[in-house]
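Observations on chain architecture
Spelled out, the chains give:
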Amino acid sequence: MTKRGKLAVLGSINADHILNLAQFPRPGETVIGKQYQVAYGGKGANQAVAAGRAGADVTFVACIGSDDIGRQMREQFSRDGIDVTAIEEVEGEATGVALIYVNGDGENAIGIYAGANGALTPERVQKQRQTIADADALLMQLESPIESVQLAAEIAVKHGGKVILNPAPAAKLSDELLALIDIITPNETEAQILTGIEVSDDNGAARAAEALHSKGIATVIITLGSRGVWLSEQGEGKRIAGFKVDAVDTIAAGDTFNGALITALLESQPLDQAIIFAHAAAAIAVTRSGAQPSVPRREEIDRFLQQQG
Ligand code: RIB
């Protein structure tokens, strides 16, 4: 069996209400939907599930509300191989909610109610200090309070863990936080908001990556949608293409990429190979609808890679 390092994921849990329609409603307009579903989501949860299904040894630090959907999600995380002992139920709060429109081109527009995710305070992070300290890697996103992200990164660095940040949804970040990150995985918009540099081609990606290196981040992986990723390390940048598939919706494609990437790295796969593994997982996810329902298991990723030759 492959030796695996320990992973901690810190982040959000949302119940996604997904409405498929031909085009997004404009202000004042009502559009009749074609399909509606409630699915398990949240960037943190999607990434933890992607790691768990890909075979990682993962503990998830998060909050659910005191409601049935939160408890059902926590049970599902266990079935997905995730250690759920660091998921706290917050009395009097509702589990986070995301309202998602998906248009006929598979694009999405998302509005979020943080709910219990907003209760993942630095005090609650302190309670999970040991989990973070014991992990070889800590994976986070930006749907949790920023002071908690900062504190968790400090704990990980202090104990020799690697910090991986998927800076989504897009936000400007302090130099203090950026200096604690080992690997950052923004998409084009997020890279642009972080650096002020437009990322519309490889040249822009290379310049944005340089700006992030100058903040102390060793590895920059900018995801470029169907064009793959821009990987930049030690001043060397290159594009690594993804796989071409017929997309149904792209919800959680980035999350699946992140969870699978860190799983492969914790198995000591070389970075280029880990990126190909993560591309495969994300390619499978975009052929299915919803967030966690679309996340593949390890056997599916391995089979997909074999089929590509
Ligand atoms: O990245 C996709 C996720 O963003 C959805 O599952 C939704 O919950 C929002 O957090």
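Conventions and cut-offs
- Residues numbered from 1 in each chain as written.
- Predicted model: local features only at pLDDT ≥ 70, side-chain atom pairs only at ≥ 80, totals over all residues.
- Heavy atoms only, no water.
- Helix = DSSP H or I, 4+ residues; strand = E, 2+ residues; numbered from the N terminus.
- Contact = heavy atoms within 4.5 Å.
- UniProt positions renumbered as here; feature names shortened; annotations may be inferred.
- Buried < 20%, exposed > 50% of the residue type's maximum accessible area, 1.4 Å probe, protein only.
- Polar contact = N/O pair within 3.5 Å; in protein donor to acceptor, adjacent residues only side chain to side chain.

A word on the environment of L173. Its place among the elements puts L173 in the loop between β10 (162-165) and α6 (175-178). Put simply, L173 and N103 are 70 residues apart on the chain and 31 Å apart in space, counted from C-alpha to C-alpha. Beyond its immediate chain neighbours, meaning those up to four positions away, L173 contacts L142, I146, L165, P167, L178 and L194.

This paragraph deals with the UniProt feature "binding site: ATP" (unreviewed entry) in the chain. Under the UniProt annotation, the feature "binding site: ATP" (unreviewed entry) is placed at N187, T223, L224, G225, S226, R227, G228, G254, D255 and H279. Its place among the elements puts N187 in the loop between β11 (183-184) and α7 (188-195). Owing to a relative accessible area of 27%, N187 belongs among the partly exposed residues under this scheme. With residues near it in sequence (within four places) discarded, N187 still touches I222 and T223. A polar contact is formed between the side chain of N187 and the backbone nitrogen of E190, at a distance of 2.8 Å. The residue G225 is located in the loop between β12 (219-223) and β13 (229-233) in this model. Residue class for G225 comes out exposed when judged on its relative accessible area of 61%.

A separate point is the side chain of K43. One can find K43 in helix α1 (residues 43-54). Sequence-distant contacts of K43, defined by excluding residues within four places in its chain, comprise S12, Q141, E143, A168, P169 and D255.

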